[in-house]
Amino acid sequence: MKKILHILTAFALVAAPALAAEKVEAGPRKGRILKLEGSNAEFFVEPDRTISIAFYDATKKQLPPSDQVLTATAEAPSGKKKLSFDKKGDLLVSTEPLPEGEHYNVVVQVKENADAKPKNFRIKLDLSICKGCSNPEYACTCDE
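Residues numbered from 1 in each chain as written. Predicted model: local features only at pLDDT ≥ 70, side-chain atom pairs only at ≥ 80, totals over all residues. Heavy atoms only, no water.

**Focus: the overall build of the protein**
To be explicit about the condition: The numbering of helices and of strands both runs from the N terminus, where a helix is a DSSP run of H or I of at least 4 residues and a strand a run of E of at least 2. Partly exposed describes any residue whose relative accessible area lies between the buried limit of under 20% and the exposed limit of over 50%, with all areas from a 1.4 Å probe on protein chains only and scaled to the type maximum. Contact definition: two residues touch when any of their heavy atoms are within 4.5 Å.
Of regular secondary structure, the protein possesses one helix and nine strands. Counted from the first residue to the last, the protein has its helices and strands arranged as α-β-β-β-β-β-β-β-β-β. Counting across all 144 residues of the protein, residues that qualify as buried make up 37%. In the protein, the proportion of contacts linking residues at least 24 apart, taken out of those at least 6 apart, comes to 45%.

**Notes on unusual backbone geometry**
Excluding glycine, residues mostly have negative phi values, and the peptide bonds linking residues are mostly trans. Even without glycine at this site, histidine 103 takes up a positive phi of about 65 degrees. Among the structural elements, histidine 103 can be located in the loop between β7 (91–94) and β8 (105–111). In this structure, serine 134 is a non-glycine residue whose phi angle is positive, near 70 degrees.

**Here we look at the nonpolar core**
Put simply, the rule reads: Residues belong to a common nonpolar core when they are buried Ala, Val, Leu, Ile, Met, Phe, Trp, Tyr or Cys residues joined through side-chain atoms within 4.5 Å.
In this structure, Phe43, Ile51, Ile53, Leu70, Leu98, Val106 and Val108 are the most contacted members of the largest nonpolar core, which totals 26 residues. Looking at this core, the elements that each hand over two or more residues are β2 (40–45), β3 (51–56), β5 (69–76), β6 (79–88), β8 and β9 (119–124). Non-local contacts of leucine 98, meaning those with residues more than four positions away in its chain, are made with Val45, Arg49, Ile51, Ala74, Leu83, Tyr104, Val106 and Leu125. Core analysis: the next-biggest nonpolar cluster, separate from the first, contains five residues, Ala54, Tyr56, Leu91 and Val93 among them.

**Comments concerning the side chain of glutamine 68**
Stated precisely, the cut-off is as follows: The term polar contact refers here to a pair of N or O atoms within 3.5 Å; inside protein, the definition further demands a hydrogen-donor-capable atom paired with an acceptor-capable atom, and it admits residues adjacent in sequence only when both atoms are side-chain atoms.
Mapped onto the fold, glutamine 68 is located in the loop between β4 (62–63) and β5. One polar contact links the side chain of glutamine 68 to the main-chain amide nitrogen of serine 66, over a distance of 2.6 Å. Ignoring any residue separated from it by four or fewer positions in sequence, one finds glutamine 68 in contact with Phe55, Lys111 and Glu112.

**Concerning the pattern of salt bridges**
Our working rule: Only one rule defines a salt bridge in this text: a Lys or Arg side-chain nitrogen within 4 Å of an Asp or Glu carboxyl oxygen.
Scanning the entire structure with this criterion turns up six salt bridges. Put simply, lysine 35 and glutamate 25 hold a salt bridge, and the shortest N to O gap is 2.5 Å. Separated by 10 residues along the polypeptide, lysine 35 in strand β1 (residues 32–35) and glutamate 25 in the loop between α1 (2–19) and β1 bring together distant segments of the chain. Residue glutamate 25 is classed as partly exposed on the basis of its relative accessible area, which comes to 25%. Across the pair glutamate 96 and lysine 81 runs a salt bridge, and its minimum N-O distance is 3.4 Å. Residue glutamate 96 is located in the loop between β7 and β8, and its partner lysine 81 is located in strand β6; the two are separated by 15 residues in the primary sequence. Residue class for lysine 81 comes out partly exposed when judged on its relative accessible area of 25%. Each of the salt bridges in this network shares a partner with another, and the network as a whole consists of Glu25, Lys35 and Lys60.

Printed below as a string of structure tokens:
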């Protein structure tokens, strides 16, 4: 019994950091920062329910989109919906709005260029505004 307890304790010590939620960081537009290799992207839901993505350098200076390839999949109760993006000024904007409703996952896949390995981000869509930090809940930076 002691041996099992030691094994479980060791597993908990090793697994706990991996299971801990990553601290959410908000961007200049109060969207959620997606950490990439050479830059960061900001996921933001516009009032018309389209998704806009802005890119920033390490000092949060906005960069124009270049060779990034981006897709998003809304895992809504009505079914999965894949969204593609077009350049609009200094942003990438989804060509269609998110499906109706909230509290479903949006999976964003970003590739630095067409040949790069993709990086996936899972975002719980909650458009209500947090009273603590004034960000949308999907980009909430408080511990509430």
